[in-house]
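Coordinates in review
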Amino acid sequence: MHLEFENKKPIAEILNDAKKYNYDYKLNTEDSLLIKGDNFKGMSFLLNNGYKNKIDLVYIDPPFNTKQNYYISENRSNTISMSNDSILAYKDNFSLDEYLEFMRERLVLIYEMLSEKGSLYVHIDIKTGHYIKVLLDELFGSENFKNDITRIKSNPKNFDRTAYGNQKDIILFYVKNNKKNIWNNVYIPLNKRDIEKRYPKVDKDGNYTTIPLHAPGVTINGATGKPWRGLYPPEGRHWRTDPKEFDILDAKGLIEWSKNGNPRIKKYVKDHKGIKSQDIWEYKDPQNPIYPTQKNQKLLEFIIQKSSNPDSTVLDCFAGGGTTLTACTINKRRWIGIDNSNQSIITIQKHIKTKYDFLDLSYQ
């Protein structure tokens, strides 16, 4: 499937345009890198200097084509009002055709930069996300689409309008090769609500729940079908393990006996390693952002842990306030950030104190 729109360039033309952008700058592949300038030029420069198939993870939170201007002030970031000391951070106002080609050209370069084990997360809203999904299917192949992730971004809204409240945006997750992408086992800790629901009992060792000693299925000859302390498993079921293990658990106080003499195994929340991530994430936006449209840092940390390794390089070519770069620094990943906004660069330089290289392409 292909999305047709005005002034859509052939991929070969986009890649040929990228060859024009090379600069007299020696890249240091050991340190992180912040680039000020148009991200098409910045990524073109990287491609022309050895970064083809070198990036393991790209996260982008690009413009959503909201038809708004975004401002920043000394006191706080905002997206609607403009106080006397507010400074324009960036404009987000395209025609639909302009926006689609703007995004597509950058996605072409991202595809070229991703390694065979690389992943792309595109954070977008519901108004433009379906267009971007078709563009990504076209560029990456629908077989390399992994997930459409719903991100709960705010508390429920009480707007007076003839539509449902907008609590979410989406993250489109694609990979370069669906058989090779980095995928680490990162579990999400249970929140207070989950703990109260799933581990409602409490003793001196903390919250716990109980489970039966038996499981579905019948054992004919094995130990799991034999009696334990005069008890047999219920009809159609067998003991979960050799009943000798129950003696050990009972000695440790890990079997709870009911008033009717029914034993159950105690499972503590402290031993729960976390839950596997699903496709609905609750990472709400910060209440006092340092940059317009700033995203939750824990969201970025989770993506980085899940889809990159310590020796990976992570790219955010719409770096904004530098949340991705900060999350990479915390997780000891090398990062490359690109942004054309003066206020973005100022914000990043103010908040990231670790060593990195800086390249200014804004005058090129």
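Residues numbered from 1 in each chain as written. Predicted model: local features only at pLDDT ≥ 70, side-chain atom pairs only at ≥ 80, totals over all residues. Heavy atoms only, no water.

1. So, the overall build of the protein
Condition: In DSSP terms, a helix is any run of H or I states spanning at least four residues, a strand is any run of E spanning at least two, and both are numbered starting from the N terminus. Within these notes, the globule rule equals 2.2 Å times the number of residues to the 0.38 power, and the radius of gyration is based on C-alpha atoms. Type-normalised accessible area, obtained with a 1.4 Å probe on protein chains alone, sets the label of each residue: buried when under 20%, exposed when over 50%, and partly exposed for intermediate values. Only heavy atoms enter the contact rule, under which two residues are in contact if any of them lie within 4.5 Å. Areas reported as accessible are Shrake-Rupley estimates using a 1.4 Å probe. Residue values count occlusion only from the protein chains shown. Positive charges come from Lys and Arg alone, negative charges from Asp and Glu alone, with His and the N- and C-terminal ends not counted. Lysine's charge is taken at NZ, arginine's at CZ, aspartate's at CG and glutamate's at CD.
When helices and strands are counted, the protein shows nine helices and 18 strands. A compact globule built from 364 residues would reach a C-alpha radius of gyration of about 21 Å, whereas the protein, at 26 Å, exceeds it by more than 25%. For the protein, buried positions account for 46% of its 364 residues. Contacts in the protein between residues at least 24 apart in sequence constitute 69% of all its contacts with a sequence separation of at least 6. By element, 49% of the accessible surface of the protein is carried by carbon and sulfur atoms, the whole surface being about 19,800 Å². Counting 55 positive and 46 negative side-chain charges, the protein places the averaged centre of each group 6 Å from the other.

2. Looking at the packing of helix α1 (residues 11-18) against helix α3 (residues 96-113)
What counts here: Angles here are taken between N-to-C directions and fall from 0 to 180 degrees, while the axes themselves are lines fitted to C-alpha atoms, restricted in helices to the stretch in contact. Small angles under 35 degrees read as roughly parallel and large ones over 145 as roughly antiparallel, with 65 to 115 read as roughly perpendicular and the rest as oblique. When residues are sorted by character, Ala, Val, Leu, Ile, Met, Phe, Trp, Tyr, Cys and Pro go into the nonpolar class, Asp, Glu, Lys and Arg into the charged class, and all the rest, Gly among them, into the polar class.
Relative to each other, α1 and α3 sit at 75 degrees, their axes nearing to 10 Å. Taken together, the axes of α1 and α3 are roughly perpendicular relative to one another. Seen from α1, the contacting residues are I11, I14, L15 and A18; seen from α3, they are E101, R104, E105, V108, L109 and E112. Within the contact of α1 with α3, the residues separate by chemical class into six nonpolar, no polar and four charged.

3. Let's talk about the nonpolar core
The following threshold applies: Remark: nonpolar core denotes a set of buried residues (Ala, Val, Leu, Ile, Met, Phe, Trp, Tyr, Cys) joined through side-chain atoms within 4.5 Å.
Counting residues in hydrophobic clusters, the biggest one holds 47 residues, and the most contacted among them are L46, I60 and L120. The element that contributes the greatest number of residues to this core is α3, accounting for nine residues. V186, W281, L299 and W335 belong to the second-largest nonpolar core, a separate cluster that totals 26 residues.

4. Remarks on the pattern of salt bridges
Rules: Salt bridges are defined as contacts in which a side-chain nitrogen from Lys or Arg sits within 4 Å of a carboxyl oxygen from Asp or Glu.
One pass over the structure, following the stated rule, counts 19 salt bridges. Between K133 and D137 there is a salt bridge, and its shortest N-O distance comes to 2.7 Å. One end of the pair, K133, and the other, D137, are both in helix α4 (residues 129-140), four residues apart, so they sit about a helical turn from each other. Given a relative accessible area of 22%, D137 falls into the partly exposed group. Linked through salt bridges whose partners overlap, the residues forming this network are K9, D17, K20 and E105.

5. Remarks on the pairing of strand β14 (residues 263-268)
This is how it is decided: In this analysis, strands are considered paired if DSSP registers two or more bridges between them.
Note that strand β10 (residues 206-212) and β14 share five bridges and pair antiparallel. Looking at β14, one finds that T209 is bridged to K267. As judged from the three bridges shared by strand β13 (residues 255-257) and β14, these two strands associate in the antiparallel manner. Across the sheet, E256 pairs through a bridge with R264, a residue of β14.

By themselves, these figures tell us nothing about what the structure is for.
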